[in-house]
Amino acid sequence: MNFSSPLRLFAALALGMALANSSFAQQKNTHAPWSDEVVELFSTLPVQDGGRIKPMDSYAGLHLLTLNGKRTLKLDDGTKLDQNRWLLDVFFFPEIARDYPCFRVQNDGVLITMGLEAKAKRAWYSYNELIPGRDKLEEAASRAAQIEKIKRDSLDIQILKLAEDLHTFEALSSLLSLSRQDYSTDADPALVEIFGPKQAGLAWMLPKQAALQELARTNTDADSATYKAVRNLFSELDNALTTGFRAVALFPPADNADGQRDDTWWRPYDVLVQAFTTDRDMSTQIELLATLEKLDQQKNQPDAFLATLRDFHNRVVGMAEARGEYGHIPLEVKLYRWNLFTNSLVFYLLAFLIATFSFLLPNKAWLRYGTAGATILALGLAATGIVLRCIIRERPPVVTLYDTILFITSVVVLAALFMEWITRQRIGLFIAAFLGAAGMFLAGKYELKEVASSGDTMASVVAVLDTNYYLAIHVTTVAMGYAGGLLASAIAHVWIFGKLFGIRKGDKAFYKGISRMVYGTVCFSLLFALFGTIMGGVWANDSWGRFWGWDPKENGALLICLWMLIILHARLGGYIRERGLANLAIIGGMVVSASWWGVNLLNVGLHSYGFTSGVALTLFIMWGIEALVLALSAIDAMRNQPRPSRGANPEQSA
Amino acid sequence: MQKLYRLFASYGLACVLLLCLFALTLFGTLYQVDHGLYAAKQRFFNSWFLHTDSGLPFFPGGILVMSLLTINLIVGGLMRIQWRKRNAGVLIIHLGIIFMLISGLVKFVNSEEGHLTLYEGQQSDQFISYHLYEVSIWEISQASQVPQWIIPDELLSDLAHGKKRSFHAKDLPFTLVLSDFLVNCKALPKGPNWQAEGEVIDGYGFLKLPPEKENEMNVAGLHAEVIDANGHVQKALLWARQQAPWAVEVDGHRFAIELAHTAYPMPYTIRLDKFTKDDHPGTMMAKAYKSQVTRIHGSDEKPILIQMNEPLREGGLVLFQASYGPSTPGYQGPFFSVFSVVRNPSDKWPEYSLWVITFGLVLAFGRTLLNFIRRQNQRRSKAAGEQA
């Protein structure tokens, strides 16, 4: 190549630099894919998060769900990453993960607030794309945080969420931040004497911290080079502590100096703090930190990485098993891998589809069996999921609002199938499939919300809920009362729409049968709601010192009982007949939804652990639709009202 | 009389009363958002009528509705109903609900509620009401500072809008006139920028504040006048948060007069030995908080653990672990522990009624369900027979 002119030389240099940059960029944005063995080992690592020990698989899944709205991540080139591969990248290749579009921004107003250009109304962004607007976002978030929770609008909520999501991502990627810092252990001969040749990481320094502290104690000459070097090293360590304090706790802790067991697992941050501040024997934890750092150094050597990860996994799992904290980890990994609730939804949808065909082809018995089979399979999957969650948490089935959806849906389906078994009119089957699908869909949607607000769907419980006896009896029975009320409402819809569309017109027995079903389900609802409500009072009497305090959640349960009693007494007194029963049962469904969700939106009362937000619109839409159904029923009643003729008894002809 | 009997026994009255209670519960719940629980309870549930702002009754209150409902249950659900085997379940349900309503009435009329707040090492033999006030008077020269005369809440809290009430006792050498009770106020040196509520006394006046949503946060105030036998008048402001009682001298005797939350004596003394708060590991969420206390009765000392869901029931009182403090994150102690204390003669009655009602419900609905299944089976058999 002829570099005869300075211009050409400059051009060649520029080209060389560009090529180098491009090759660097390529290197920056790729790495060898994680093998299945690595993912398997990584996903079954136990970690402590939100007060409980859970698998890394759940930890990764819940965090990706919070940020991304899904447990998998779709990259710009169409590649899909599962939660474990994503978190491995965040831990070991944070510079690559910062380009992953894992932040779902649901309101483009947030982007406008940040001074950024929105890709679409709802879109996904990477950390690097959002960072230019970070300052403005933090300002807006601090303003939104000052607003009373109940008065925040959708934009405030989304601003706060995105600000928190960015912090979460930084916390995740800070796992190894302490180890990646450069510490000046060779800045002075006295330090070299303690530490020897400089090495990468932090763990190798920790066994020598006593000598460092001794040097700091004995060297008090502020003008000496050693004093300055020691001071500088402490300053570097101190600065390192400003990161990593929200990283995941993945080291089982050392016992206290007096030999007592510590239940709080450690982050690398804690290893550093404990090493400098306590006399615990923490050689095992320092070794674990060293192994983690080794993993970071071997991240581009797949075979070595796998071997080291296996070593790390075996040590941590061994320690967790010895502490009795690993027992449910494999089960929890399976719970999420089997995707029981999503599969249940699929089978409910299939059942609903077949049920719809079975109404079109009423003589085909195999369609009925098909509906029943798919529904039972879907119920079995959901029930298996609920049971597994009970085993993992060692709690009864209903603890959180998310649990209530899974449990109530299953009870509704079971009750509808029971009804079908008695009546064999395919109404129970149809309702079971429809409500099963609706319930599992709602569960999937609400899972996102619960994870975003509490970080888990199996979160630790507040002190007052720490009683399996009352949780098992009061909460499950109240939930069964809710289920009964919703089922009665659903059957009532069949009666009203049947009349409205003239289905089996003149078949009084058919409609009488449906009415009986509504009545029976109202009784079922009252039985469980009343028992559960009074049992809740008995629990409150033991927890808070009063049986009844007119608290919103208590009142919500009472409203259901009162409404069901009104229905029964109005029917016994002859004030309502079939249509009245159907109408009141539909209002009963509205009362149930108000009690189940509505009172949690008020943000007042002692049941603060059940407060939620962001479901008001759905609730109002549902009530609006039900009001419309009632209006249609009223119009239909007026339309079909027989004209009173002379001498006729209107009571008899109604 | 027969008409009245029919009315009280009717399903129609039951429906109306249940609807009224439904409406009270619904609106009483929504009312709490802006006004707090205490105000909602007083307005909707602990009242005979709901009143408009001008004081006109416009809807039956909780007491009236539940009283009528109890009568309706007794007349319609027990007396008018046929005492037959098939009605056994319904009869038992009604009996259980009546018993539960009565237990609510007993609690409403005859219970005392308050709190006992102790730091570790502290002890007390009385608990303090959350809501009720009393004015206590004692002679300062007495060796013991125990109140000798007490004016209860019901004679204080209605003294609004210029209403006055005079109090005189046989051994008390003066008449105490109380007026202008303020639910929530602040006693401040009177300045030019605010209007005092009532008379300004010794340069101090009451700044009236809006009631807090949490009634426990309100601080009440009263105007007091002491009139001796010669008609000499001494005036003062009594404020529930003042540091020391009002000291007044009459006929050479010095008396202390104080407005404070009502104190109830306990039949024993409770000493807090240790308070423990356990968090879920790695979080600041309380997993459990418990108080190791000693119950002292004369020379008898008994160590007892009180924790969430495990209260102490003894001597007609129930002590619950209610809260603790200071709750500043990272604070390691010393803590104080707050116990809710309730004297409720009907403490366990709702639990007994629960089992009665449940038995009745299972009996009534179980029978209905079995009949329904039997009829359905007969219907199907008949249909199968017709097809054959």
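Basis of the calculations
- Residues numbered from 1 in each chain as written.
- Chains lettered and ligands numbered in written order.
- Predicted model: local features only at pLDDT ≥ 70, side-chain atom pairs only at ≥ 80, totals over all residues.
- Helix = DSSP H or I, 4+ residues; strand = E, 2+ residues; numbered from the N terminus.
- Buried ≥ 20, exposed ≤ 12 C-beta atoms within 10 Å, placed from the backbone.
- Contact = placed C-beta atoms within 7 Å.
- Domains from an automatic or database assignment.
- Nonpolar A, V, L, I, M, F, W, Y, C, P; charged D, E, K, R; others polar.
- pLDDT = per-residue confidence, 0-100.
- Pairing = 2+ DSSP bridges.

Asker: I'd like a description of the overall build of chain A, backed by residues and values.
Answerer: Scanning chain A from terminus to terminus reveals 27 helices and six strands. For chain A, the C-alpha atoms occupy an extent of roughly 115 × 75 × 50 Å along the three principal directions. Per-residue burial over chain A gives 47% buried out of 654 residues. The long-range fraction of contacts in chain A, counting pairs at least 24 apart against all pairs at least 6 apart in sequence, stands at 69%.

Asker: Requested: an account of the domain arrangement of chain A, with residues and values cited.
Answerer: Partitioning chain A into structural domains gives domain 1 (33-177), domain 2 (179-321), domain 3 (339-454) and domain 4 (464-637). On a C-alpha basis, the centres of domain 1 of chain A and domain 4 of chain A stand 38 Å from each other.

Asker: If you had to explain the interface of chain B and chain A to someone new, which residues and values would you point to?
Answerer: Accessible area lost on assembly of the parts is the figure often given for the size of an interface. Taken together, the contacts link 48 residues of chain B with 52 residues of chain A. When contributions to the side of chain B that touches chain A are tallied by element, the ones reaching two or more residues are α2 (11-45), β15 (286-297), β18 (317-325), β19 (336-343) and α5 (349-387) of chain B. The element that contributes the greatest number of residues to the side of chain B that touches chain A is α2(B), accounting for 18 residues. Classifying every residue of the side of chain B that touches chain A gives 30 nonpolar, 14 polar and four charged.

Asker: Summarise the environment of Val200(B); cite the residues concerned and give the values.
Answerer: Among the secondary structure elements, Val200(B) is positioned in strand β9 (residues 197-201). Taking the C-alpha atoms as reference, Val200(B) lies 37 Å from Gly325(B); in sequence the two are 125 residues apart.

Asker: An account of the environment of Thr243(A) is needed here, citing residue identities and associated values.
Answerer: Residue and element names in this part refer to chain A. Relative to the helices and strands, Thr-243 resides in the loop between α13 (225-240) and α14 (268-277). Using a count of 19 C-beta atoms within 10 Å as the deciding quantity, one classes Thr-243 as partly exposed. On a C-alpha basis, the gap between Thr-243 and Val-47 in space is 19 Å, while along the polypeptide they are 196 residues apart. Dropping the residues within four chain positions of it, Thr-243 is found in contact with Ser-174, Ser-177 and Leu-178.

Asker: I'd like to hear about the confidence of the model for chain B, residue by residue, with values.
Answerer: Summing up the model confidence of chain B, the mean pLDDT is 91 and the portion of residues at 70 or higher is 98%. In the model output, the complex is listed with pTM 0.87 alongside ipTM 0.86.

Asker: Account for the domain arrangement of chain B, naming residues and giving values.
Answerer: Residue and element names in this part refer to chain B. Per the domain assignment, the segments of chain B are domain 1 (2-110 + 348-387), domain 2 (112-124 + 268-343) and domain 3 (126-264). Using only C-alpha atoms to locate each centre, domain 2 and domain 3 end up separated by 31 Å. Each side of the interface is counted separately: domain 2 has seven residues, and domain 3 has six residues. When the residues that make up the side of domain 2 that touches domain 3 are grouped by side-chain class, the tally is two nonpolar, three polar and two charged.

Asker: Go over the pairing of β19(B), please, and point to the residues and values.
Answerer: Pairing of strand β3 (residues 112-119) of chain B with β19(B) involves eight bridges; the strand directions are antiparallel. Paired with Gly114(B) across the two strands is Val341(B), which belongs to β19(B).

Asker: Could you give an account of the pairing of strand β6 (residues 164-167) of chain B, naming the residues involved and the relevant values?
Answerer: Residue and element names in this part refer to chain B. Direction of pairing for β6 relative to strand β7 (residues 174-182): antiparallel, over a ladder of four bridges. Bridge pairing links Ser-166 to Val-177 in β7. The antiparallel pairing of β6 with β7 creates a hairpin that spans six residues between the two strands.

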